[in-house]
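One-letter residues, chain by chain:
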Amino acid sequence: MDSAFLSRAYLQTLSSTDLIALSDDYGIDIPDDLDRSFIIGELLEAADEWNLEQKEDENFELVNDNSAKDLSKKQTLPESYNENVIGVVLRNPIWAFVYWDFKEATLLKLESDNSFLSIFLRVSFFEDEYDEKVRDSFDVQVSLKERKQYILIPAGKKNFKIELIAKKDSGLEVLAVSKRVDIPVGCNELSGLQPGKDFDFNPVLRLSGLPELLHSHYVNYRQSFS
């Protein structure tokens, strides 16, 4: 409802019938015998209250809009957290996603170090999460500009970690080490099963219907076993 036009001078030009109709628009209950000046006073008071509510709503929306903009700015992720760190996320048991970052001081030091040769990721495998002996490992060459890499995990591995290493004339410098990651593995009793071959299923597996399931899978999806 637009109340900008409601002034005492304007309201005084209206008939009593128009004043009562306007009062109805504002939700003001006006008795039939009420004095015109009182009706005008009620309308002016209602208009002032309405204008005040409108300003409060506009201020609230403005504050909320500015808060949303500030929050959006605060939620923008920085390009770097200024620390030497490396993390690993398994996409599946075959592929691992590796991400890392450098301290600004470390990066500047490497770039200005004449003995610096290269930087790489060393993937080391263990028998389980408690094993401290490295059973196998390989290196993946990266550059100082890179911050992420997908790594293919060889079959049969159970646990691994990844180190971010700088190679220099004087030797290797480990900059960051990831947490140890367990690789999900299937049931040992099922890992070698193939449809069409006779296996000595234990009673529990036979009761589960696994032989019939493998046969059905072989008949309907034979290409999966090619």
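This text follows the structure it describes.
Note that this is a predicted model, so its numbers are computed, not measured.

Basis of the calculations
- Residues numbered from 1 in each chain as written.
- Predicted model: local features only at pLDDT ≥ 70, side-chain atom pairs only at ≥ 80, totals over all residues.
- Heavy atoms only, no water.
- Pairing = 2+ DSSP bridges.
- Helix = DSSP H or I, 4+ residues; strand = E, 2+ residues; numbered from the N terminus.
- Axes fitted to C-alpha atoms, helices over the stretch in contact; angles between N-to-C directions.
- Buried < 20%, exposed > 50% of the residue type's maximum accessible area, 1.4 Å probe, protein only.
- Arc of directions from axis to C-beta.
- Contact = heavy atoms within 4.5 Å.
- Core = buried A, V, L, I, M, F, W, Y, C linked by side-chain atoms within 4.5 Å.

(A) A look at the sheet that holds strand β2 (residues 95–101). As summarised here, the arrangement of the 3 strands in space is β1-β2-β5, forming an open sheet in which the pairing is antiparallel. Edge strands, defined here as strands with exactly one partner in the open sheet, are β1 (85–90) and β5 (148–152). Going across the sheet, the axis of each strand differs from the next one's by a mean of 25°, ignoring polarity. Here β2 pairs with β5 via 5 bridges, running antiparallel. When the sheet's bridge partners are listed, Tyr99 is paired in β5 with Lys148.

(B) Molecular detail of helix α4 (residues 104–112). Those residues of α4 that fall on the buried side of the exposure criterion are Thr106, Leu107 and Leu110. Around the axis of α4, the buried residues are gathered within 95° of arc, so they sit on the same side. Of the exposed residues in α4, those oriented more than 90 degrees away from the buried face are Glu104, Ala105, Lys109 and Ser112. For α4, the elements touching its buried residues are β3 (116–126), β6 (159–168) and β7 (171–177).

(C) The arrangement of the nonpolar core in detail. Formed by 26 residues in total, the largest nonpolar core has its most connected members in Ile119, Leu121, Phe160, Ile162 and Leu164. Elements with a minimum of two residues in this core: β1, β2, α4, β3, β4 (136–142), β6 and β7. Of the residues forming this core, the biggest block, 5 residues, is contributed by β3. Non-local contacts of Leu121, meaning those with residues more than four positions away in its chain, are made with Ile86, Val98, Trp100, Phe138, Asp139, Val140, Val142, Gln149, Ile151, Ile162, Glu163 and Leu164. Membership of the second largest hydrophobic core comes to 11 residues, among which are Ile28, Ile40, Leu43 and Leu44.

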